[in-house]
Amino acid sequence: MADTAITVEGARKKYGDKPALDGLDLTVARGAVHSVLGPNGAGKTTLVRILSTLLRPDAGRIEVAGHDVVTEAYDVRLRIGLLGQHAAVDEELSGYQNLEMFGRLYHLGTRHARVRAGELLERFGLADTGRKAVKQYSGGMRRRLDLAASLITEPEVLFLDEPTTGLDPRGRAEVWASVRSLAGGGTTVLLTTQYLEEADQLADRISVVDRGRVVADGTADALKALTGGDRIDVVLRDAGHLGAAVAVLPVPKDDVTVDTDRRLLSAPVTDRMAALSGVVRALEEAGIEAEDIALRRPTLDEVFLHVTADRVKEAA
Amino acid sequence: MTTYALTDSWTMTRRELAHWARQPVQIVVNVAFPVMLLLMFGYLVGGGRGVSGEYVDYLVPGMLALTMAFGLEGTMIAVTQDLNKGVIDRFRSMPMANGAILVGRSVADMLQSALALAVLIGVGLALGWRAHGGAAAFLGALGLLLLFRFAMLWIGIQLALVAGKPELVQAVQILVWPVGFLSNAFATPEAMPGWLGTVVQWNPMSHTATAVRDLFGNQGGEAGHVWPAVVWPLALLAVFFPLALRRFARLSK
């Protein structure tokens, strides 16, 4: 137990007839940054709401920081921080008023709550805006205040539900930097996201979720390896040459995808450099003009389609 | 966990007070509304059916009771807005006393209603209304009004928790009006058609208004209504207070 921060066994939750969680299992090691990756409607938010005691599961054994989320909700609440999809701060109050209020509600006492509010505003670069009402904050500032509020008691486990959705690149970089520094301090972080890149950047381990279940689990590299690793994209000048290009390219033919509208073909590669020079040479020799050639990592879509395609095959 | 019930409720009350400090206009509007109604019925509409003598003598206690009844709307809107805000999720994920949010709301609403009573009484005095019953009776009347408001408050919380959405609030808001007006706030039940008079006499608000008139020594006051004016609100509270707390605890389902 000492090395597990989150245990989920057979979690189920239905909204009406629609299952949001359908027997989900998950284990998160203490001190890890664990990402739950999946499309909209996969059950990510339901999972976070159950883990943070906001929602009761219909079934399953769920423990956070060593306490059951249903029978020991109060003990769980003492040990968690939550950053939901929507800013969970009082928009009418200032940043300082918010943090002081939350500090009081964590029973820090008036003096400590005030000191802590000041510290956190300083740390998240909000010190000079501390007296302004939150509704006048930018999206990024709101998110930072929200994060600060989640960290008042230095929680053992922090839940981040799509923390960068709707943020501009700068706001995203700020949130990422904060998560990294928290993880360095030993906090267990469970992060949901729709973006493989985000999971890739931050997480030690990733669980891919679809229709309320974990369909794949592992490190970012292991998940990418599942789909065949990196891919090469080639955009031709003339869509009519796509067929000829597929024939001459030094790539496994059965894994090539062709998009006629975008004059694009895409294939998995193992050795990046050899594949790049091989493709360039093959196109030159065949006299096919390319507009663009790029090596890239698989996207979430590809990982996801790959993993769910396997499930469909298994079911068949 | 219950050891923090008081401090948490106080923190949540402070939150409401901080909202006031940031939006004083809201308070002014809330208090100005019953004053406007009082002036409208006192001068524009003028004279209630079945009321003899100075109408203001009859109207002011009625308006005080009606303002307490309409407080239900304000509570309901505030709770509904709160429940639809993101911050409620943070409160609920924190180790704070269950229900402190509702207690904070009720303390703030009671303060606002007390303020509204004070302003209405001030305006009433300026219009020539007087209380003749002495200090103890005066305080007793205020107590009855606030007790009635407290019952309305918890009905408002329960309705907000059940309705949940701002759209449904509007429907309830419209229904509050006939219930408020189906009382003896503006006219005596004797002056109404028989069945209507009966309904009006049964309205808990009518008991409060009659008892308050009695304590103030105003027209329309009748002895024997103080007990119903105590018992009715307590009975409503006995039903709606536990219902609202239970409903709030079950938000997680």
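Predicted model only: the values in this text are computed from it and were never measured.

Colleague: In this structure, what is going on with the sheet that holds strand E10 (residues 213–218) of chain A? I would like to understand it.
Modeller: Hydrogen bonds between backbone groups are what pair the strands of a sheet, and the pairing can be parallel or antiparallel. Residues and elements named next belong to chain A. With mixed pairing, 6 strands are arranged side by side in an open sheet as E6-E7-E8-E3-E9-E10. Lying at the two open borders of the sheet, with one neighbouring strand each, are strand E6 (80–83) and E10. Pairwise comparison of adjacent strand axes, ignoring direction, gives a mean angle of 15 degrees for this sheet. Where helix H1 (residues 44–51) meets the sheet, its contacts fall on strand E3 (33–37), strand E7 (157–161), strand E8 (188–193) and strand E9 (205–210), and the angle it forms with E7 comes to roughly 150 degrees. Sheet contacts for helix H6 (residues 169–184): E3, E7 and E8; angle to E8, the most-contacted strand, approximately 150 degrees.

Colleague: How should the nonpolar core be read in this particular structure?
Modeller: Leu51 and Phe159 of chain A together with Ala65 and Val212 of chain B are the most contacted members of the largest nonpolar core, which totals 135 residues. Here Leu51 of chain A is in contact with Ile6, Ile62, Val64, Val69, Phe159 and Leu190 of chain A, once residues within four sequence places are set aside. Listed in part, the 12 residues of the second largest apolar core include Leu249, Val251, Ala267 and Leu283 of chain A.

Colleague: Would you take a moment to explain the packing of helix H3 (residues 55–83) of chain B against helix H6 (residues 135–163) of chain B for this structure?
Modeller: The axes of two packed helices give the description: the angle between them and the distance between them. Residue and element names in this part refer to chain B. The geometry of H3 relative to H6 is characterised by a closest axis approach of 7 Å and an angle of 30 degrees between their N-to-C directions. Relative to H6, the element H3 is oriented roughly parallel. Two packed elements cross with a definite hand, and for H3 against H6 that hand is right-handed. Side by side, H3 and H6 meet where Leu64, Ala65, Met68, Ala69, Gly71, Leu72, Thr75, Met76, Val79, Thr80 and Leu83 of the first sit next to Leu145, Phe148, Arg149, Met152, Leu153, Ile155, Gly156, Ile157, Leu159, Ala160 and Ala163 of the second. Its residues assigned to classes, the contact of H3 with H6 comprises 17 nonpolar, 4 polar and 1 charged.

Colleague: Sorry if this is basic, but what is going on with the confidence of the model for chain B here?
Modeller: Segments scoring low in pLDDT should not have their predicted coordinates read at a detailed level. When pLDDT is averaged along chain B, the result is 88, and 96% of the positions lie at 70 or above. Complex prediction metrics read pTM 0.82 and ipTM 0.85.

Colleague: Where do I start with the sheet that holds strand E14 (residues 290–296) of chain A in this structure?
Modeller: All names here are of chain A. With antiparallel pairing, the 4 strands of this open sheet are ordered in space as E12-E13-E11-E14. Two strands in the sheet have a free side with no partner beyond their single neighbour: strand E12 (257–259) and E14. Averaged over all pairs of adjacent strands, the angle between strand axes in this sheet comes to 15 degrees, irrespective of strand direction. Relative to the sheet, helix H10 (residues 272–286) contacts strand E11 (231–236) and E14, its axis offset from that of E14 by approximately 165 degrees.

Colleague: So what exactly am I meant to see when it comes to the environment of Phe138 of chain B here?
Modeller: Residues and elements named next belong to chain B. Inspection of the secondary structure assignment puts Phe138 in helix H6. Residue classification places Phe138 among the partly exposed residues on the basis of 17 C-beta atoms within 10 Å. As a C-alpha pair, Phe138 and Gly217 span 79 residues in sequence and 9.5 Å in three-dimensional space. Filtering out sequence-adjacent residues up to four positions away, Phe138 remains in contact with Ala131 and Gly133.

Colleague: Even after reading the chapter, I still don't get the domain arrangement of chain A, so can you show me in this structure?
Modeller: Size of an interface, as often reported, equals the accessible area lost when the parts are brought together. As assigned here, chain A comprises domain 1 (4–225) and domain 2 (230–296). Of note, the centres of domain 1 of chain A and domain 2 of chain A, computed from C-alpha atoms alone, are 41 Å apart.

Colleague: Could you clarify how one ought to interpret the interface of chain A and chain B in this entry?
Modeller: Between chain A and chain B, the contact holds 26 residues from the first and 20 residues from the second. Secondary-structure elements contributing two or more residues to the side of chain A that touches chain B are helix H2 (73–79), E6 and helix H3 (95–105) of chain A. A total of 4 residues in the side of chain A that touches chain B trace back to one element, the largest contributor, which is H3 of chain A. Residues of the side of chain A that touches chain B, tallied by class, amount to 15 nonpolar, 6 polar and 5 charged.

Colleague: Looking at this model, I keep getting lost on helix H1 (residues 5–22) of chain B. Mind explaining?
Modeller: What sets the pattern is the α-helix's 3.6 residues per turn: residues three or four places apart point alike. Taking 1.5 Å of rise per residue, the 18 residues of H1 of chain B would be expected to cover 26 Å, and the 26 Å separating its terminal C-alpha atoms lies within 8% of that figure. Those residues of H1 of chain B that fall on the buried side of the exposure criterion are Asp8, Ser9, Thr11, Met12 and Arg15 of chain B. Seen from one end, H1 of chain B has its buried residues packed into an arc of 160 degrees, which puts them on one side. Residues of H1 of chain B that are exposed and point over 90 degrees away from its buried face: Leu6 and Ala21 of chain B. As for H1 of chain B, its buried residues are in contact with H3 of chain A together with helix H5 (100–127) of chain B.

Colleague: Even after reading the chapter, I still don't get the pairing of E9 of chain A, so can you show me in this structure?
Modeller: Each regular strand displays side chains that alternate between the two surfaces of the sheet. All names here are of chain A. With 4 bridges connecting them, E3 and E9 associate as parallel partners. Across the sheet, Ser35 pairs through a bridge with Ile206, a residue of E9. Linking E9 to E10, which pair antiparallel, is a turn of 2 residues; within it Arg211 sits at a positive phi near 45 degrees.

Colleague: Help me understand H5 of chain B, please; the structure alone is not making it clear to me.
Modeller: Under the 1.5 Å per step criterion, the end-to-end length of H5 of chain B is 40 Å for 28 residues, consistent within 8% with the ideal 40 Å. Gly128 of chain B occupies a position one or two residues after H5 of chain B and carries a positive phi of about 105 degrees.

Colleague: For this particular structure, what's the right way to read the packing of helix H2 (residues 24–45) of chain B against H3 of chain B?
Modeller: All names here are of chain B. It is at 10 Å that the axes of H2 and H3 come closest, and there the two elements cross at 145 degrees. Between H2 and H3 lies a crossing of right-handed hand. Counting all contacts with H2, which are made through Asn30, Pro34, Leu37, Leu38, Phe41 and Gly42, the residues of H3 involved are Tyr55, Val56, Leu59, Met63, Thr67 and Gly74.

Parameters and conventions
Residue indices begin from 1 for each chain and proceed along its sequence in written order. Starting at A for chains and at 1 for ligands, labels are handed out in the order in which the entities are written. Local features in this predicted model are restricted to residues whose pLDDT is 70 or higher, and side-chain atom pairs enter the listing and the counts only when it is 80 or higher, whereas totals over whole chains, interfaces and linings include all residues. Only when DSSP finds a minimum of two bridges between them are two strands counted as paired. Each helix is a run of H or I in the DSSP string that is no shorter than four residues. Each strand is a run of E no shorter than two, and both are numbered from the N terminus. With axes taken as lines fitted to C-alpha atoms, and helix axes fitted only over the stretch in contact, angles between N-to-C directions fall between 0 and 180 degrees. Residues are treated as contacting if the C-beta atoms built from their backbones sit within 7 Å of each other. By definition, a nonpolar core groups buried Ala, Val, Leu, Ile, Met, Phe, Trp, Tyr and Cys residues that are joined through C-beta atoms within 7 Å. To sort residues by burial, count the other C-beta atoms lying within 10 Å of each one's C-beta; a count of 20 or more means buried, 12 or fewer means exposed, and anything in between means partly exposed. C-beta atoms are built from the backbone. Any angle that is under 35 degrees is reported as roughly parallel, and any over 145 degrees as roughly antiparallel; angles of 65 to 115 degrees are reported as roughly perpendicular and all others as oblique. In a left-handed crossing the near helix is turned counterclockwise from the far helix by less than a right angle, and in a right-handed crossing that turn is clockwise. In this classification, the charged set is Asp, Glu, Lys and Arg, the nonpolar set is Ala, Val, Leu, Ile, Met, Phe, Trp, Tyr, Cys and Pro, and all remaining amino acids, among them Gly, are polar. Per-residue confidence from the predictor is reported as pLDDT, a score between 0 and 100. Domain delimitation follows an automatic or database domain assignment. Multiplying one less than the number of residues by 1.5 Å gives the expected span of a helix. When we speak of the arc, we mean the arc of directions from the helix axis to the C-beta atoms.

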